[in-house]
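Close look at the chain arrangement
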Amino acid sequence: MRLLNKTGLYYIGISAVVCVIAGVIFYFSIQKIINEAVEENLYNEKANIIKQLKTFDSIPRFYLPSGDKLEIIPAGKNEKGKDVIRNVTIYDKSEDEDLPYAQLVFYSDVKGKTYKITISQLLLESEDLISTVVSSMFILMLALFLSLLLINLWISKKLWKPFYDTIDKLKMYQIAEGGKLNLTATNISEFEELNSVINRMTDKMYSDYVSLKKFTENAAHEIQTPLAIIKSKLEILMQHENIDGEQMKLIHSIYESSNRLSKLNQGLLLLTKIKNRQFAIANNVDMNAVIEKKLENFEDIIKIKGISIIKNLNENVKLNISPLLADILISNLLNNAIKYNVDNGKIEIILKTDRLVVSNSGLPLKIKPDSLFERFSKDNDSSESLGLGLSIVKEICDNYNFGVNYNYSNNTHEIEIKF
Amino acid sequence: MKILVVEDEKELSNSIVSYLKQEGYVCESAMDYPAGSEKADVYNYDCVIVDITLPGGSGMDIIRELKGKNSDTGIIIISAKNSLDDKISGLDIGADDYLTKPFHLSELNARVKSIIRRKKFEGNREIIFNEIKITPDEMKVFVNKKEIILTKKEYDLLVYFISNKNRVVTKESIAEHLWGDEIDTVDSFDFIYTHIKNLRKKIIEKGGEDYVKTVYGIGYKFASI
């Protein structure tokens, strides 16, 4: 739920509660004010009546506001009491219902005679009052709701724009493509602060990334030269006539290790280069031709291992990809399929316009399939394999947004690449 | 046969020179661009081995200068930059071959031989080792004047062996020579063995000698003694 909708809902919820409470208070206070006014009126009328009774001998005609009633009845001598104000309902013929009245009952002496005088004043019906209060509250709520809605819309368009702008830009941010985020300037200090923090963070990230990248590149690059020297010296050393078997074994073991180190280094260098997108893309690389070429190169090995190849290659698969990476991709996939195959096994290659599937017979994996594409993950811990082959495949696929999947069923490993 | 090595890494340059001298070449070396450029300009070499990144300039310029002289000098680029662009532009301006560091000296030697053979002995480019004769143009091999039929890899292997005759050739360098760097070299040793076995058999069948000697598990030596 968007922040604005959430705050909007809170506002509406709270306003509803406030409106109900306000309505109740409103109702009672209006009622109180009306009651006081009615009482005051009744006493005013009482004063009027007493004045008239004292001025005139007889009971005069009284003119009261419409709806009010006056009742003067003789009372017994001893029938005296205090003024009483009470609420009663009196049946009204014309409206055929009970109507609420406020009554003032008092006693007055006129020429030695005592009268019981009752003034009744018609009250506003309380239902009318409630409905008036509720409806006015409802209108208020509606107005509040609508204005909140409008304000929300307006705010989301105006006020939060820099925020959503920033989020959009962060979503698109790719560190490898680097550089500035170019966040929109805003006069809202919170957003300005957010932007400046993000800017500082991405700047730091980028400079760290660049220096790390440079370091990896340089390190790998610089290691190659001493390795080349070591290897060449060993090659010269092993040509000497008077080296015995024991010494040759030592040389061999150094030679082997330096070879391994050099391969490892080249693999890592390649991974870095792919990640840095240092390979130029060519148009319409013929994948079918690449596969055929690689199969030809591995032909003898496939034959020696007795592996049978099943090909289902669409001849019209042209990708926009670096030719070198296409080469490496295919040769790594085939290399794996051959290496982890069984004697007299098979390899199936399917090339369609939207995918490439390389599957081979083989024993089940000992490691988790998820870690298959990780660097240095090897199925058997023999130090012979570098464990970089499939991570290079993954990196190449990531580079071109190809999906890559691994499956194992019926003793068959399958790697599927979706173009 | 004169060869110029333009390489700024002294020790690597020494190794190359020392290895090639043993092959009977006359070798000179230059450590930077001015020296390399000057030597390439003044003398005639059969082959120039040149690094791309040099102090004082680019190896590419030396290649351009050599090509400008219209010489038939063979040119091999050795570079630490394993980049396709470098390779393509190097070959475009007239280099004959490209090797990435670190490389096997036996591989460099084989490439030098192949280039000199192509450049110098036009019309007569046979490789002869005792009773074995190879005609590289047709990729044919004769033992005692009788043709033997080899597979592509067996042929490559034989040429590689003879180019590095009397030398210890490591299994790693053979693997890379035959399959490029696409294969995990360790896995390929069995396959090398199979190829060598077949090659031996085919040569011996036609009355040839068994020249391939195993050297302490490190590799092989193709030698008549």
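Being a predicted model, the structure only gives us computed values, none of them experimental. Within each chain, residues carry numbers counting from 1 in the order of the written sequence. A letter from A marks each chain and a number from 1 marks each ligand, given out in the order of writing. Local features in this predicted model are restricted to residues of pLDDT 70 or higher, and side-chain atom pairs are both shown and tallied only at a pLDDT of 80 or more, whereas totals for entire chains, interfaces and linings draw on every residue.

To continue, consider the overall build of chain A. Strands are runs of DSSP state E lasting at least two residues, helices are runs of H or I lasting at least four, and both sets are numbered from the N terminus onward. The helix and strand tally for chain A stands at eight helices and eleven strands. Here a residue counts as buried when 20 or more other C-beta atoms fall within 10 Å of its C-beta, as exposed when 12 or fewer do, and as partly exposed in between; the C-beta atoms come from the backbone. Within chain A, the fraction of its 419 residues that count as buried is 21%. Long-range pairs, those at least 24 residues apart, make up 65% of the contacts in chain A between residues at least 6 apart in sequence. Here, residue contact means that the backbone-derived C-beta atoms of the two residues sit within 7 Å.

Let's shift gears to the overall build of chain B. Scanning chain B from N- to C-terminus turns up eight helices and 14 strands. Within chain B, buried positions represent 44% of all 225 residues. Within chain B, counting contacts between residues at least 6 apart in sequence, those at least 24 apart form 56% of the total.

It is worth spelling out the environment of A:I310 at this point. All names here are of chain A. Looking at the secondary structure, you find I310 in strand β6 (residues 308-313). The sequence separation of I310 and I347 amounts to 37 residues, and the corresponding C-alpha distance is 6.1 Å. Excluding its chain neighbours within four sequence positions, the residues that come into contact with I310 are K346 and E348.

All names here are of chain B. DSSP calls a pair of strands paired once it identifies at least 2 bridges connecting them. Strand order in the open sheet made by the three strands is β12-β14-β13, with antiparallel pairing throughout. Here the strands that pair on one side only, and so sit at the sheet edges, are β12 (168-170) and β13 (212-215). Within the sheet, the average angular offset between the axes of one strand and its neighbour, ignoring direction, is 35 degrees. Direction of pairing for β13 relative to strand β14 (residues 219-222): antiparallel, over a ladder of four bridges. From the neighbouring strand, K213 faces β14, where its bridge partner is K221. Structural elements are reduced to axes, namely lines fitted to C-alpha atoms, with helices fitted over the stretch in contact, and the angle between N-to-C directions of any two is expressed from 0 to 180 degrees.

Reading predicted coordinates in detail is not appropriate for stretches of low pLDDT. Residues and elements named next belong to chain B. pLDDT is defined as a per-residue confidence score from the predictor, taking values between 0 and 100. When pLDDT is averaged along chain B, the result is 86; 94% of the residues meet or exceed 70. Averaged pLDDT values over the elements of chain B bottom out at 76 in helix α4 (residues 84-92) and peak at 93 in strand β1 (residues 2-6). This prediction of the complex comes with two scores: 0.68 for pTM and 0.85 for ipTM.

So, about the nonpolar core. Residues enter a nonpolar core if they are buried, belong to Ala, Val, Leu, Ile, Met, Phe, Trp, Tyr or Cys, and are joined to the set through C-beta atoms within 7 Å. In this structure, A:L325, B:I3, B:V6, B:V48 and B:I49 are the most contacted members of the largest nonpolar core, which totals 105 residues. Top contributing element to this core by residue count: helix α7 (residues 323-339) of chain A, with nine residues. Sequence-distant contacts of B:I3, that is, excluding residues within four places in its chain, are made with B:L20, B:Y25, B:V26, B:C27, B:Y45, B:D46, B:C47, B:I49 and B:V112. Core analysis: the second largest hydrophobic core is formed by ten residues, A:I49, A:L53, A:F106 and A:I119 among them.

At the junction of the two partners, chain B supplies 35 residues and chain A supplies 33 residues. Those elements giving two or more residues to the side of chain B that touches chain A turn out to be α1 (10-22), α4, α5 (105-120), β12, α7 (171-179) and α8 (185-205) of chain B. Sorting elements by how many residues they give to the side of chain B that touches chain A places α1(B) first, with six residues. Taken together, the residues of the side of chain B that touches chain A sort by class into 15 nonpolar, ten polar and ten charged. Amino acid classes used here: Ala, Val, Leu, Ile, Met, Phe, Trp, Tyr, Cys and Pro are nonpolar; Asp, Glu, Lys and Arg are charged; the rest, including Gly, are polar.

This part takes up the packing of helix α6 (residues 287-304) of chain A against α7(A). Residues and elements named next belong to chain A. In contact at an axis separation of 10 Å, α6 and α7 are set at 40 degrees when each is read in the N-to-C sense. Both α6 and α7 take part in a crossing whose hand is right-handed. Contact with α6, carried on its side by M287, V290, I291, K294, F298, I301 and I302, involves A326, D327, I330, S331, L334 and I338 of α7 and no other residues of that element. Left-handed describes a crossing in which the near helix is turned anticlockwise from the far one by less than a right angle; the clockwise case is right-handed.

Bringing the pairing of β1(B) into the picture now. On any regular strand, side chains alternate: one points to one face of the sheet, the next to the other face. Residue and element names in this part refer to chain B. For β1, the tally of buried residues reaches four of five residues, placing the bulk of the element in the interior. In this sheet, strand β2 (residues 26-30) lies alongside β1 in parallel orientation, the contact comprising five bridges. Bridging from a neighbouring strand, L4 pairs with E28 of β2. For the crossover that starts at β1, traverses α1 and ends in the parallel β2, the hand is right-handed. Where β1 lies against strand β3 (residues 47-51), four bridges are found, and the strand directions are parallel. Within β3, the position partnered with V5 by the bridge is I49. When the strands point away from the viewer and the connection leading from the first strand across the helix to the second strand turns clockwise, the crossover is called right-handed.

With that out of the way, let us pick up the packing of helix α4 (residues 189-237) of chain A against α1(B). Their axes nearest at 9 Å, the elements α4(A) and α1(B) cross at an angle of 25 degrees. One element, α4(A), and the other, α1(B), form an angle in the roughly parallel class. You can see that α4(A) and α1(B) cross each other, and the crossing is left-handed. Contacts between α4(A) and α1(B) involve A:A228, A:I229, A:S232, A:K233 and A:I236 from the first element and B:E11, B:L12, B:S15, B:I16, B:S18 and B:Y19 from the second. Roughly parallel means an angle under 35 degrees; roughly antiparallel, over 145; roughly perpendicular, 65 to 115; everything else is oblique.

What follows covers α6(A). All names here are of chain A. The terminal C-alpha atoms of α6, which comprises 18 residues, lie 26 Å apart, in line with the 26 Å expected from a rise of 1.5 Å per residue. Take the seven residues that end at a residue and the seven that start at it, fit an axis to each, and the angle between those axes is the bend at that residue. If you look at α6, its biggest bend is around 55 degrees, right at F298. Residues of α6 that are buried include every one of M287, V290, I291, K294, F298 and I301, and no others. At the exit of α6 stands G306, carrying a positive phi of roughly 70 degrees. Under the convention used throughout, the expected extent of a helix is 1.5 Å for every residue step, that is, one less than its residue count.

Once that is clear, we can look at the confidence of the model for chain A. For chain A, mean pLDDT is 82; residues scoring 70 or higher make up 93% of the total. Mean pLDDT values for the elements of chain A range from 78 in strand β1 (residues 69-74) of chain A up to 91 in strand β8 (residues 346-351) of chain A.

With the exception of glycine, most residues fall at negative phi, and the peptide bonds are largely trans. Along the chain, B:K101 connects to B:P102 via a cis peptide bond; the corresponding omega equals -5 degrees. Checked against the element boundaries, B:P102 lands in the loop between β7 (97-100) and α5. Its identity is not glycine, yet A:N401 carries a phi of approximately 55 degrees, on the positive side. Checked against the element boundaries, A:N401 lands in the loop between α8 (389-399) and β10 (403-409).

A few words on the sheet that holds β2(B). Residue and element names in this part refer to chain B. With parallel pairing, the five strands of this open sheet are ordered in space as β2-β1-β3-β6-β7. In this open sheet, the two strands that pair with only one neighbour each are β2 and β7. Taking each pair of neighbouring strands and ignoring which way they run, the sheet shows an average axis angle of 20 degrees. Two elements, strand β6 (residues 74-79) and β7, share four bridges in a ladder whose sense is parallel. The residue of β7 that forms the bridge with I77 is Y98. Relative to the sheet, α5 contacts β1, β3, β6 and β7, its axis offset from that of β6 by approximately 155 degrees.

With that settled, consider α5(B). Its 16 residues place the ends of α5(B) 22 Å apart at the C-alpha level, agreeing with the 22 Å of an ideal helix rising 1.5 Å per residue. The complete set of buried residues in α5(B) reads B:L105, B:S106, B:E107, B:L108, B:N109, B:A110, B:R111, B:V112, B:K113 and B:S114.

In this section: the environment of A:L237. Residue and element names in this part refer to chain A. With respect to the helices and strands, L237 occurs in helix α4. The partly exposed category is assigned to L237, around which 15 C-beta atoms lie within 10 Å. The spacing of L237 and M248 is eleven residues in sequence and 9.3 Å in space, taken between C-alpha atoms.

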